[in-house]
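# Secondary and tertiary structure notes
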Amino acid sequence: MEAFEILVERHQKRMLNVAYRMLGDYDEACDVAQEAFLAAYRAIRTFRREAKFSTWLYGIVVNQARNRLKQSQNQARHETRSFDDPAEMSNGSVTGQVVDGRQDANAELEKKEVQRAVQECIRNLDAEYREILVLRDIQGFSYEEIGDMLNLPDGTVKSRLFRARAFLKDSLASVLGDLS
Amino acid sequence: MTCKEMEIRLAGLIDDALPEEEKNRAEAHLRSCEACRKALADLRAADSLVKGLEEVEPPPWLKTRVMARVREGARGKESILRRLFYPLHVKVPIQAAATVLIAVVAWNVYRAGEPEFRQAAPSPARVQGAPTAAATATAPDTSIGEAEPAARKKQVPAQPPAAREDRGARKPGPVRGAEKADSAVAGGPLEASGPAQVMNGDVSKGAGTAAKETAGREAAQAAAPGLSAAGSARADLAISLHVKDPASAADGAEALLRDLGAPSIERTDREGVVTLTARILPEHLEAFREKLRSLGAVRERGPAAPRPGGPLAIRLEIRPE
């Protein structure tokens, strides 16, 4: 029990961030992270020693987030959300409209808006691209680890990731304009 | 390699994920293609934006809640015995089953012992006019209430089988409150004859009524010591009374006996013949005879042979004319 508490303490932030980047909703991400830890605790006897524990654990949270996405696909707030809507940020504050270029924009606010746009573009990716992009480009897992988590061959991981990057680049360019 | 083919491979150049051969081909294409160089720059910018996303912090309650639910789940896996008897939960199966089992066992025990209970319990006929000789024989100086349970315990096994059969064949007669009360009177020298009455099978009859003893009756007994037992079998004097209505005449005779201080009156009613058995003091005998004559024709069977100074055991048979 105490050992598991240490594991929760050690991995909770990364687990939460994986879920958050996949779901785009802080509260849902907390819920999914919690469920993922509980699922891990219940299934801990099935953990194979030859596998890496963190890979096994993050595989669970990705799976939980994927299931949650399927459940919430029909929810109105996800269907109707647009870039012009006020959005709740990770710190719980609510931003206003996109900064008007003619105004003196607050740098911090602009940064938040860009981050929100990036998050929204990630959320618009298909789930199979999104989870690989989150795991590789945001969380920095290796291709091998991602292959273990998602039970995919290395070539599939890479091809999906490259496509995810290309889609994201196009999506961001359409929202933010010239990126380079 | 066309720009279309290059588009996906460029994404692999960002983190050097392309195989060496493809990487060389892609770099060669980039040197000659402005659009692909722009695309690669956009890919790097997008990657930079993605990597620049701030991390969110877990709420303080996350770990607490996870561990609370983990502990809750661990409790659920505790031993089955502990779960079955955990007092805060209503464990209907085990507790209801235990209740039913206890009820069934108790019922079976009762049913198995029912004949014994019936034998041991005083029947209404036995109660009528039954002396408490055994009770007083075992504890003559104790109060009635205290003597009664001990008397009941000892009376039942003391009865000979023949006596039990005799009482079992008797018809249960009407129980009269006064008789029942009188039967409970205990104590006094005459009760030393208790063992003889036990042999006659009349011992247990009044034991159950001992609790109905009252202080007034105790006073009456003190006034007439030695009259507590009827002693039906060994009558000093047997009297036949022939009347038109034996039942009402028996009522009158019974009242008369009580008036004469008979503490315990045994009454049986068999085939129209009412038999009263009681003890009275010799000095009351003549008055008793006189009163009986007013009720009907009196015949005395057998000579009265009272013990000197002791009470008379009278057996009065009231028959129809």
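What comes next concerns the included structure. (Residues numbered from 1 in each chain as written. Chains lettered and ligands numbered in written order. Predicted model: local features only at pLDDT ≥ 70, side-chain atom pairs only at ≥ 80, totals over all residues. Heavy atoms only, no water.)

### Topic: the overall build of chain B
Note the following rule: Numbering of helices and strands runs from the N terminus; a helix is a DSSP stretch of H or I covering at least four residues, while a strand is a stretch of E covering at least two. Residue burial is assigned from relative accessible area. The probe radius is 1.4 Å, only protein chains are included, and a residue is buried under 20% of its type maximum, exposed over 50%, and partly exposed in between. The criterion used for residue contact is that any of the two residues' heavy atoms lie within 4.5 Å. Here the accessible surface of atoms and residues is derived via Shrake-Rupley with a 1.4 Å probe, and residues count as covered only by protein chains that are part of the display.
Within chain B one finds 16 helices and five strands. Residue burial in chain B is summarised as follows: out of 321 residues, 40% are buried. Taking all contacts inside chain B whose residues are at least 6 apart in sequence as the whole, residues at least 24 apart take part in 80%. Summed over all atoms, the accessible surface of chain B reaches about 17200 Å², with 58% contributed by carbon and sulfur.

### Some thoughts on the overall build of chain A
Of the regular secondary structure elements, chain A holds eight helices and zero strands. Along chain A, helices (α) and strands (β) appear in the sequence α-α-α-α-α-α-α-α when read from the amino end. Classification of the 180 residues of chain A by burial places 49% in the buried group. A fraction of 61% describes how many contacts in chain A between residues 6 or more apart in sequence connect residues 24 or more apart. Taken as a whole, chain A presents about 9100 Å² of accessible surface, with 45% of it coming from carbon and sulfur.

### Looking at the pattern of salt bridges
What counts, and what does not: For this analysis, a salt bridge means a side-chain nitrogen from Lys or Arg found within 4 Å of a carboxyl oxygen belonging to Asp or Glu.
All told, the structure shown has 34 salt bridges over all chains when counted by the stated rule. The closest approach of N and O atoms between Glu35(A) and Arg69(B), which form a salt bridge, is 2.8 Å. With Glu35(A) in helix 2 (residues 26–42) and Arg69(B) in helix 4 (residues 60–76), this residue pair bridges two chains. Arg69(B) sits in the partly exposed class, given a relative accessible area of 35%. In the salt-bridge network here, residues are joined through shared partners; they are Arg136(A), Asp137(A), Arg165(A), Asp15(B), Asp47(B) and Lys51(B).

### Brief notes about the pairing of strand 3 (residues 273–280) of chain B
All names here are of chain B. Threshold: Pairing between strands is defined by DSSP: at least two bridges between the two strands are required.
Counting buried positions along strand 3 gives eight out of eight residues, so the element sits mostly inside the fold. Residue alternation in strand 3 divides its side chains into two sets, Val273, Thr275, Thr277 and Arg279 and Val274, Leu276, Ala278 and Ile280, and both sets are buried. Where strand 2 (residues 265–270) meets strand 3, six bridges bridge the pair, whose relative direction is antiparallel. Along strand 3, the bridge assignment pairs Arg270 with Val273. The antiparallel hairpin formed by strand 2 and strand 3 contains two residues in its connecting segment, where Glu271 sits at a positive phi of about 50°. Pairing of strand 3 with strand 5 (residues 312–320), which is carried by seven bridges, proceeds in the antiparallel orientation. Following the sheet pairing, Ala278 is matched in strand 5 by Ile314.

### Some points on the nonpolar core
The test is simple: Within this scheme, the nonpolar core is defined by two criteria: the residues are buried Ala, Val, Leu, Ile, Met, Phe, Trp, Tyr or Cys, and they are joined through side-chain atoms within 4.5 Å.
Within the largest apolar cluster, 75 residues are counted, with the highest numbers of intra-cluster contacts made by Phe4(A), Val61(A), Leu135(A), Leu150(A), Leu10(B) and Val66(B). When sequence neighbours within four positions are dropped, the list of residues in contact with Leu135(A) reads Val18(A), Val62(A), Gly140(A), Phe141(A), Ile146(A), Met149(A) and Leu150(A).

### Details of the sheet that holds strand 3 of chain B
Residues and elements named next belong to chain B. Here is the rule: A fitted line through C-alpha atoms serves as each axis, taken over the contacting stretch for helices, and the angle formed by two N-to-C directions is quoted from 0 to 180°.
Spatially, 2-3-5-1-4 is the arrangement adopted by the five strands of the open sheet, whose pairing is mixed. In the strand order of this sheet, the two ends are held by strand 2 and strand 4 (297–301), each with one partner. Ignoring strand direction, the axes of neighbouring strands in this sheet form an average angle of 20°. Where helix 15 (residues 246–259) meets the sheet, it contacts strand 1 (237–243), strand 2, strand 3 and strand 5, and its direction lies at approximately 5° from that of strand 3.

### As for the interface of chain B and chain A
Going by this rule: Once two parts are joined, some of their accessible surface, as seen by a 1.4 Å probe, is lost; buried area is that loss totalled over both. Polar contacts, as used here, are pairs of N or O atoms within 3.5 Å; protein pairs need one atom able to donate a hydrogen and one able to accept it. Residues neighboring in sequence count only if both atoms are side-chain atoms. Under this grouping Gly is polar, as are all residues other than the nonpolar Ala, Val, Leu, Ile, Met, Phe, Trp, Tyr, Cys and Pro and the charged Asp, Glu, Lys and Arg.
Across the contact, 37 residues belong to chain B and 45 residues belong to chain A. At the boundary of chain B with chain A, total buried surface from both sides reaches about 3900 Å², with 64% on carbon and sulfur atoms. Counting the surface chain B buries against chain A, the share from its top three residues, Leu53(B), Glu54(B) and Val56(B), is 17%. Linking chain B to chain A there are 11 salt bridges. Among the salt bridges present, the one from Lys13(A) reaches Glu57(B), with a minimum N-O distance of 2.7 Å. Our count for the chain B to chain A interface comes out at 16 residue pairs in polar contact (both at pLDDT 80 or more). Among the residues making up the side of chain B that touches chain A, the classes are represented as 22 nonpolar, two polar and 13 charged.

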